[in-house]
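Structure at a glance
Residues per chain, in single letters:
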Amino acid sequence: MYINATGHYVPEERVPNEKFLELNGLTSEWILQRTGIRTRSKAGEGEGHNTMGLAAIRAAIEHLPYDVTDVDLIVSASYSPYDTVATLAHIAQREFGMEKARAVYASAACSSFVNGLEIVEGYFAMGKATKALLVCSEHNTYYANETDRVCGHLWGDAAVAFFLSAERVADTDMTVKTVYTHGLGHIGKGPEGVRLRPHEDGIAMPFGKDVFMHACKNIINGLEQVTHANGMEVADLDYIICHQANMRIVANVANTLGMGDDKFLNNIEELGNTGSASSALVFSQNVDKFRKGQHVGLSVFGGGYSVGAFLVEI
C-alpha cells in the first residue's frame, strides 16, 4: 500500500493557556508542566468537522499524481463528527465528484485514523478498491467543556487527508509497510477512560492516570509490532510520531526506549490534542523533511481503549 499524497488543515485561531485561569482556575504554568501545551487550535466561525476535512482534501489534491475521480474508496475516520448519518466521506464524495467510490465512516477513539488505514488495506487486499482517500477531521472544541478542570484545556481542532493506492503510481509514493491495530477495551478502565457523550458532559476523562499508564506502554508496543514485522528495531527508525495527547507521554516513551528527543516529531505545544488526526497531521506537516529510504513509525493510543501503529518507508 502506498501514500500518494497528504494534506492537512489547521484553523488559524489559537487559544492560549491564560484563558483557562479565568475558566477553571488552572494557571498557564500548571498546564504547560503537565501537558506540554501552550496554545491549542480552534475552529473559527463557519468552520467545523466537514469544512476542515474538505480543506485537508483540497490541500492533498494539489500533490495528487492522478485525477481525484479515480478514487474508488473513501474512508472518514473520527470520533467527533458533525453528522453520523451524512458523514464526511459522503460529503467529500459529492464535493469532489468521486462517483464510483464506496464511502464509509470509522471510529475507534484516537486510533480512528490508523483503523481507517487498516480498512483501506483490507479493501485493497480483497481487490475491492485500488485508490483510496482517508480523511480524518476532529472538531474537539465542538464537544469539549472548557470549564472541565481535568481535560477541558487539552483539545485542539484539525484535519488531515491521505490518498493511497494498492500499487505504486509515482516515484514520490511512500510505502506503508505494516499496519497494526488492537482493541484494548478489556484492560484497565477500558471504555470509561475517555468518553464522549454529547447530551451529558461532552468529552470527559475521568481516569487520566489510567489512560497515561496504558498509553505509554501501548504506544511502545505498537512501534515494536510494526518494526519487528519488518526485521527492524524501534531504534532503527529515523523518526517517531506519537499520538499528540500529552508531551509527558512522548517524554516517557522516549525515556523508556532510551532515545533522544530529536527523533520525535510533535505539534502538541501549539495545537493541543487534535485527537485521531494528530499523528497523521504531524506526518503531513513534516513530509518535506523526510528523505528517500527513511523510516517513520507512527503509534497512537485511543481512549476506548485501543492501539494503532503503522510504519512508512519514504
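Right above here is the structure, for reference.
Bear in mind the structure is a predicted one, so any value in this text is a computation, not a measurement.

Among the structural elements, I37 can be located in the loop between α2 (28-35) and β3 (39-42). For I37 and M247, which are 210 residues apart along the polypeptide, the C-alpha to C-alpha distance reads 7.8 Å. Other than its neighbours up to four places away in sequence, I37 contacts N17, I31, L32, H153, L154, I268, E269, G272 and N273.

This structure, assessed with the given rule, holds one cavity of 30 Å³ or more. Computed from the structure, the largest cavity encloses a volume of approximately 40 Å³. Looking at side-chain class alone, the lining of the largest cavity contains three nonpolar, two polar and two charged residues.

One face of the sheet, then the other: side chains in a regular strand alternate in exactly this way. Of all nine residues making up strand β6 (residues 131-139), nine are buried, and the element is well covered by its neighbours. Burial of β6 is two-sided: the residues K131, L133, V135, S137 and H139 facing one way and the residues A132, L134, C136 and E138 facing the other way are all buried. Bridge analysis of strand β4 (residues 73-77) against β6 gives five bridges, and the strand direction is parallel. Note on β6: the bridge partner recorded for L73 is A132. As paired strands, β6 and strand β7 (residues 157-165) are joined by nine bridges and run antiparallel to one another. Following the sheet pairing, L133 is matched in β7 by F163.

What counts, and where the lines are drawn
- Residues numbered from 1 in each chain as written.
- Predicted model: local features only at pLDDT ≥ 70, side-chain atom pairs only at ≥ 80, totals over all residues.
- Heavy atoms only, no water.
- Helix = DSSP H or I, 4+ residues; strand = E, 2+ residues; numbered from the N terminus.
- Contact = heavy atoms within 4.5 Å.
- 1 Å grid on protein atoms, 1.4 Å probe; cavity = no way out; pocket = protein on both sides within 12 Å on 5 of 7 lines; lining within 4 Å.
- Points joined across faces, edges and corners; volume = space filled by probe spheres on them.
- Nonpolar A, V, L, I, M, F, W, Y, C, P; charged D, E, K, R; others polar.
- Buried < 20%, exposed > 50% of the residue type's maximum accessible area, 1.4 Å probe, protein only.
- Pairing = 2+ DSSP bridges.

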